[in-house]
Amino acid sequence: MDAYDVVVVGGGHNALVAAAYLARAGRSVLVVERLGHVGGAAVSASPFPGVRLSRYSYLVSLLPDRIVADLGLRLDLRSRAVSSYTPIERGGKHAGLLVGGADTAESFRAVTGSDKEYGRWREFYASMARLAEVVAPTMLEPLPSRDALRELVVAAAGPDAWRWVFEQPLAETLQEVFTDDVVRGVVATDGLIGTHTSLADPDLAANRCFLYHVIGNGTGDWRVPVGGMGAVTSELAGAARSSGARLVTDAEVTSIAADGVTAEVVYRSGNEEITVGARHVLSGVAPAVLDRLLGRLPRPSAPGAQLKINLLLDRLPRLRSGVRPEEAFAGTLHLDESYVDLEIAYRESAAGHLPERPPGEMYCHTLTDRSIVDSPTAHTLTLFGLHAPDTLFDAPGAKEELVARYLAGLNRYLLDPIESCLTTIDGVPCLEARTPRDLETELAMPRGNIFHGPLTWPHGTGWGVETDIPNLHQAASSAQRGGGVSGIAGHNAAMSLLHPTS
């Protein structure tokens, strides 16, 4: 029986980060991946000819520069020209809130009627920037205590920043700081990505999601990976292999046995069942999957709550507001995401109904990076829909109906119906949609939860990757401080073995 210092179960981006760090430190490492390729949700695909788009994950915010430098990753992560655009209709007139660039102040003034809301916006995000500067570096260190983290935040950004994010529901913060419904909604969306909750929930799930979306790399800037997510995975896999890690694909792990000192991992490759020994096992899979591999009763899984739509366009549609499509779609276009819209959609979906006006956000990768399409004129458009829990898609035709509602919602703000801009091949429009049920089937994510469960606060003890078995650690989104394309969980899993805290 072959034996390794470390066996990593699952080959997502966190697993690759962990493998690269450990192999560089001289540990023998085996990564076992069920699919025919590594990368998990951070991959590119070609659902349409001549396109290599990011099928699941699509932007990078949380990946620290330190990991990029440590592993020698050759990545081009580009900032978008515009932060966001939110089309609105008020009094029968079409307008919109443009954030980012020289026209931001004027846009706030036109939408809100004065400069006061823009002043509040600038003060709030200046405070969040100071918070991010001190919280982001802690993500790659042993967990600080809550009191220690509070001291850092209060010293850098003041007590209000701590209270706004860590102590009161995001709804209270938005109502305290801002007065305009649309502005509140633009801020609120960072608390709802992949998270099915009310902004007023005292559990503060929206706050935790918001925190991770504003601290990325110390800036919160959401960057476009040139070449798509596949370029990120390719670099990580290359770093792991060049450091000496062995990556095995088309190999499904069927069981894990670990007693705190030694471990065995059994996987099936073709018709062969293979058992390998290990000193340590890192789990790159969701908690419920890990439970099953350990022979335990799987713990309940939180619902995934998103609809992802990928489109290929012959041209970008014009908007009724008159804003140039190259501005509207360059950043995040917020679709029916005012504060009131978001709460209504949550209540409808929580009651088991498809939202009448489903909220979502869109962006055009090709306005920042044209390398993913062969055509000199084509564009990709990505829509990430909120408040779409997995249970909604048990009803026949629910996916098709929700897609239709999103397209209709977008068309309310367009001069050119989006259908008229879609590329067609052999009469078939270039559109694909992925629900939580699809993610569960394709990526073995229970209930299609992109975070593997509720996001966690970045304070506590240890590295945040430990389990109840001393030689079994987490290296996936389910780890404390996991979630998003960050590599943080993989880094911390490796560090927990190289630099244990106790």
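Structure's up top.
Quick caveat, the model's predicted, so the values are computed rather than measured. The residue numbering used here restarts from 1 in each chain and proceeds along that chain's sequence as written. Predicted model: local features are reported for residues with pLDDT of at least 70 only, side-chain atom pairs are reported and counted for 80 or more only, and whole-chain, interface and lining totals are derived from all residues. Heavy atoms from the whole structure form the basis of all side-chain values; hydrogens and water molecules are not counted.

### A short note on the state of the cysteines
Under the convention used in this document: Only a pair of cysteine sulfur atoms within 2.5 Å counts as a disulfide in this structure description. To sort residues, take the accessible area from a 1.4 Å probe on protein chains only and compare it with the maximum for the residue type: under 20% means buried, over 50% means exposed, and anything in between is partly exposed.
Using the criterion set out here, one finds zero disulfides in the structure. We note that Cys364 lacks a disulfide partner, and the nearest cysteine sulfur, in Cys421, lies 12 Å from it. Under the relative-accessibility criterion, Cys364 is labelled buried at 0%.

### Quick look at the side chain of Ser54
Counted only if it meets this: The helix count covers DSSP runs of H or I at least four residues long, the strand count covers runs of E at least two residues long, and both are numbered beginning at the N terminus. Two N or O atoms count as a polar contact when they lie within 3.5 Å, although within protein this holds only if one can serve as hydrogen donor and the other as acceptor, and sequence-adjacent residues are included solely when both atoms are side-chain atoms. When checking whether two residues touch, look at their non-hydrogen atoms; a contact exists if any pair is within 4.5 Å.
Along the chain, Ser54 falls in strand β4 (residues 53-54). Look at Ser54 and you get buried, because its relative accessible area is 6%. A polar side-chain atom of Ser54 sits 2.9 Å from the main-chain amide nitrogen of Met229. Excluding anything up to four places from it in sequence, Ser54 contacts Val43, Ser44, Gly228, Met229, Lys308 and Asn310.

### A few points about unusual backbone geometry
Among all residues except glycine, the phi angle is most often negative; among peptide bonds, the trans geometry is most common. For Ala444, which is not glycine, the phi torsion reads 60° and is therefore positive. For Ala444, a relative accessible area of 33% gives the class partly exposed. The phi torsion at His452 lies on the positive side, around 65°, for a residue other than glycine. In this structure, His452 sits in the loop between α16 (436-443) and β20 (472-474).

### Topic: the pairing of strand β12 (residues 272-283)
Defined as follows: In short, DSSP must find at least two bridges between two strands for them to pair.
By the bridge criterion, six bridges tie strand β1 (residues 3-9) to β12 in an arrangement that is parallel. Counted as the bridge partner of Val8 is Leu282 from β12. Between strand β11 (residues 263-269) and β12, which pair antiparallel and follow one another directly, the connecting turn spans two residues, one of which, Gly270, has a positive phi of 65°. In this structure, β12 lies alongside β20, joined through three bridges in parallel fashion. Its bridge partner being in β20, Leu282 is matched across the sheet by His473.

### What about helix α8 (residues 181-188)?
Judged by how many residues are buried, α8 sits mostly within the fold: seven of eight residues are covered. Those residues of α8 that fall on the buried side of the exposure criterion are Val182, Val183, Arg184, Gly185, Val186, Val187 and Ala188. Its side-chain oxygen 2.9 Å from the backbone nitrogen of Val182, Asp180 forms the N-cap of α8.

Keep in mind these numbers describe shape, not what the thing actually does.
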